[in-house]
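Commentary on secondary and tertiary structure
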Amino acid sequence: MRVGSFLIILTSLVLSGCYSEQTLFNLSMAENIRKTSDERIFVTAGDGLYEVTRNENQEWVPVLIYESEDECSYFAGMAELNGWLFFVCAVQEGFNFNGASFQNSGMLMALSLSAGNVESVLALSGYQFANGMDAVVEKNILLLADENFLAQGGVTKLVINFDSDVPAVEEEVYHWINDEHEVYAANGVRVIGNDVYLTDIGYLKRVPIDDDWIEPGPAQEIYKRYSVFDDIDVYCDGLLVTDFVQGKLTYVSLDGAYVKNVLSGLTSPSAVLANASPLIEGGILFTETAGLIPNGGNRLALGVPQFGQAWDCSKR
């Protein structure tokens, strides 16, 4: 189908109120989504890092960029910094002595967006579920979440040096944000100004940071629900939050004053990309991983948030 025809059909369905979401393609253990500064879209999954493209029949397809034979259990969070797409190659191969984390948690990798080579950046250790990532571009900082369900997780700060041909870790502050800041199992991470927004089991929290990005302050609760939140993305002066357990995509304003479920009936939604244009127009992208409902999930989908006629982005 031509792009123009697809958009006409999509628009008519949205206006008629019949359309909410559709599968772009199936992908086992689809996990994270990122759009890069050169307007490419990447997805991580159980067996590798993929780029979203169209084939000769104008069908959306995943193109494998990087895979591993046996060194990775799954691929997780992504973030772009200085022309490199960083991503997590995660390993789960037996708990360490305290039962809270893995001695070998995998590897932080980086894809050169210009040359296409993939480099190993940092061996990860001491994480239970290394996942969500975001970048502080002006400081060359990566933030990497550790979703630890025994309440011993946090967010690690990595200062990246780009002086050589490949990125290198100049400083690692393990669990820079932690239980002292009232964060216990961080997963999704997004930086907005000098604030770090993150999911923490059934909480959406904001952690204020000083101007030099040295000291985090105590976390402030924005919104809570008896569920498990996964990833987040910035949307319309707020955040879209994936609810892994309840199968919802929820919009939360940055102050928590306005909350609305904008997509429901999903199967273990994992990550969300609010702005997929210009590659994909007419909605937001989200992943569903292998989750809680048999024979469901494992896909990349396009959805149209259902805000209702009273929605006005400029007032939220």
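Before any of the text, the structure's been laid out above.
Residues numbered from 1 in each chain as written. Predicted model: local features only at pLDDT ≥ 70, side-chain atom pairs only at ≥ 80, totals over all residues. Heavy atoms only, no water.

1. A short note on the packing of aromatic side chains
Throughout the structure, instances matching the rule amount to 10 aromatic pairs. We note K205 situated over the ring of Y203; from NZ or CZ to the ring centre the distance is 5.2 Å. (Phe/Tyr/Trp six-rings, centres within 6.5 Å; stacked < 30°, edge-to-face > 60°. Lys NZ or Arg CZ within 6 Å of the ring centre and 35° of its normal.)

2. Digging into the sheet that holds strand β16 (residues 203–208)
The strand order β14-β15-β16-β17 describes an open sheet built from 4 strands, whose pairing is antiparallel. Looking at the sheet topology across the chains shown, the edges are occupied by β14 (186–192) and β17 (220–224). With strand direction ignored, the average angle separating the axes of adjacent strands in the sheet is 20 degrees. Of the pairings in the sheet, the one linking β16 to β17 comprises 4 bridges and is antiparallel in character. For L204, the partnering residue across the bridge sits in β17 and is Y223. (Pairing = 2+ DSSP bridges. Helix = DSSP H or I, 4+ residues; strand = E, 2+ residues; numbered from the N terminus. Axes fitted to C-alpha atoms, helices over the stretch in contact; angles between N-to-C directions.)

3. Regarding the state of the cysteines
Taken as a whole, this structure holds 1 disulfide when the rule is applied. The disulfide partner of C72 is C89, and the S-S distance across this bridge is 1.5 Å. Since a negative S-S torsion denotes a left-handed disulfide, the C72-C89 link at about -70 degrees is left-handed. Of the two residues, C72 is situated in the loop between β5 (60–67) and β6 (74–81) and C89 in strand β7 (residues 84–90); the sequence distance between them amounts to 17 residues. Judged on exposure class, the residue C72 and its partner C89 are both buried. (Disulfide = S-S within 2.5 Å. Buried < 20%, exposed > 50% of the residue type's maximum accessible area, 1.4 Å probe, protein only.)

4. A closer look at the pairing of strand β10 (residues 130–136)
Among the 7 residues in β10, 7 count as buried, and that is most of the element. With 5 bridges joining them, β10 and strand β11 (residues 141–146) adopt antiparallel strand pairing. Its bridge partner being in β11, V136 is matched across the sheet by I141. As consecutive antiparallel partners, β10 and β11 are separated by 4 residues, and within that stretch N140 has a phi angle of approximately 55 degrees, a positive value.

5. What about unusual backbone geometry?
The phi angle of most residues is negative, glycine excepted, and most peptide bonds adopt the trans form. A cis amide bond links S277 to the next residue, P278, at an omega of 0 degrees. With respect to the secondary-structure elements, P278 resides in the loop between β22 (269–273) and β23 (284–288). The phi torsion at E39 lies on the positive side, around 65 degrees, for a residue other than glycine. Turning to its location among the elements, E39 is positioned in the loop between β2 (33–35) and β3 (41–44). On the accessibility criterion, E39 (44% relative accessible area) is partly exposed. Unusually for a residue other than glycine, W213 sits at a positive phi of about 55 degrees. Looking at where W213 falls in the secondary structure, it is placed in the loop between β16 and β17.

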